[in-house]
Amino acid sequence: MTRVLIVEDERPLRRALAMNLTARGYEVIEADTGTAALSAAANGEHDVILLDLGLPDLSGMDVIRAVRAYASTPIIVLSARTGSSDKVAALDLGADDYVSKPFSIEELLARLRAATRRATSLDGPRVVQVGTASIDLDAKTATGDDGEHVHLTPTEWHLLEVLVRHPGKLVTGRALLTELRGGPDHTDPSYLRIYVAQLRRKLEPQPSRPRHLITESGMGYRFQP
Ligand code: CA
């Protein structure tokens, strides 16, 4: 049974989430402040955290920072804010994903399943399908549907590897640039756009309508298996 720590100060929403998740077989722990969240999180009796960013005492960002100091438990942000900057900041601090309010329970359940699946398969699969191409992460080879070797440059390979190792996860542009260049000072998103476009041309069945290497506008990229 998956145990979900729900951190949300808005009581009706928190209760609705708790009821919905309980009805679907999840075990639920509730917290209505950042402080309550941190003490519940420290108990460690949960597998995933649903976190509202606007809390009455601490900010959700503080909660992410504090939890990430000692645990890699998946955190899904419940964001009421429309702009992308808060979400990007939350992801960069170590949140795993977000849903924007209002969200459907089905959408939330899909994100919950993806986050807990990633957490339980830490090593991940060694061979990943990107459309019709097979990516062997150990052998570092890519094979097209015709069995032909697909040549990837070291940068393309690195970018692809970061994305496919986290299926379904939104990886921010900043996190990707840091991975590729080894430092946070490279902030030119056009660099990423070029490499993602190249990967799509090589791997996506229809590069102009990507289904696996997805752009999340203003935020980053997501590998959709
Ligand atoms: Ca709130």
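Scoring rules and cut-offs
Residues numbered from 1 in each chain as written. Predicted model: local features only at pLDDT ≥ 70, side-chain atom pairs only at ≥ 80, totals over all residues. Heavy atoms only, no water. Pairing = 2+ DSSP bridges. Helix = DSSP H or I, 4+ residues; strand = E, 2+ residues; numbered from the N terminus. Buried < 20%, exposed > 50% of the residue type's maximum accessible area, 1.4 Å probe, protein only. Right-handed = clockwise from strand over helix to strand, strands pointing away. Axes fitted to C-alpha atoms, helices over the stretch in contact; angles between N-to-C directions. Parallel < 35°, antiparallel > 145°, perpendicular 65-115°, else oblique. Left-handed = near helix turned anticlockwise from the far one by under 90°. Contact = heavy atoms within 4.5 Å. Arc of directions from axis to C-beta.

### Details of the sheet that holds strand β9 (residues 149-150)
(1) Moving on: One open sheet accounts for 4 strands, arranged β6-β7-β8-β9; its pairing is antiparallel. Of all the strands in the sheet, the pair left with one neighbour each is β6 (127-130) and β9.
(2) Moving on: Where strand β8 (residues 141-143) meets β9, 2 bridges bridge the pair, whose relative direction is antiparallel. Looking at the pairing, T143 lines up with H149 of β9.

### Thoughts on the pairing of strand β1 (residues 3-7)
Across a regular strand the side chains alternate sides, sitting on one face of the sheet and then on the other.
(1) Moving on: For β1, a buried count of 4 out of 5 residues is recorded, marking the element as mostly surrounded by other parts of the structure.
(2) Moving on: Both β1 and strand β2 (residues 27-31) contribute to a ladder of 5 bridges, which runs parallel. Looking at β2, one finds that V4 is bridged to V28.
(3) Moving on: Handedness of the crossover joining β1 and β2 through helix α1 (residues 11-23): right-handed.
(4) Moving on: When β1 meets strand β3 (residues 48-52), the two strands line up parallel, connected through 4 bridges. Of the residues in β3, the one forming a bridge with I6 is L50.

### Considering the packing of helix α2 (residues 34-43) against helix α3 (residues 60-68)
(1) Moving on: Following both chains from N to C, one finds α2 and α3 inclined at 20°, their axes separated by 10 Å at the closest point. The angle between α2 and α3 falls in the class roughly parallel. Once α2 is placed against α3, the crossing between them reads as right-handed. Along the contact surface, α2 presents G34, A37, L38 and A41, while α3 presents V63, A66 and V67.

### What to know about the pairing of β6
(1) Moving on: Going residue by residue along β6, you find V128 and V130 tucked away on one face and V127 and Q129 left uncovered on the opposite face.
(2) Moving on: Of the strand pairs in this sheet, β6 and strand β7 (residues 133-136) are connected by 4 bridges, and their pairing is antiparallel. Directly across from V128, in β7, lies its bridge partner I135.
(3) Moving on: Taken together, β6 and the strand that follows it, β7, pair antiparallel across an intervening segment of 2 residues, in which G131 is found at a positive phi of about 65°.

### Considering α2
(1) Moving on: Here α2 has its buried residues at G34, A37, A40 and A41. End-on view of α2: buried residues confined to an arc of 125°, all on one side of the axis. Opposite the buried face of α2, at more than 90 degrees from it, the exposed residues are A42 and N43.
(2) Moving on: Contacts from the buried residues of α2 go to β1, β2 and α3.
(3) Moving on: Immediately downstream of α2, the backbone of G44 shows phi near 70°, a positive value.

### A short note on the environment of A69
(1) Moving on: You can see A69 is positioned in the loop between α3 and β4 (75-79).
(2) Moving on: On the accessibility criterion, A69 (65% relative accessible area) is exposed.
(3) Moving on: Sequence separation between A69 and G94 is 25 residues; the distance between their C-alpha atoms is 9.9 Å.

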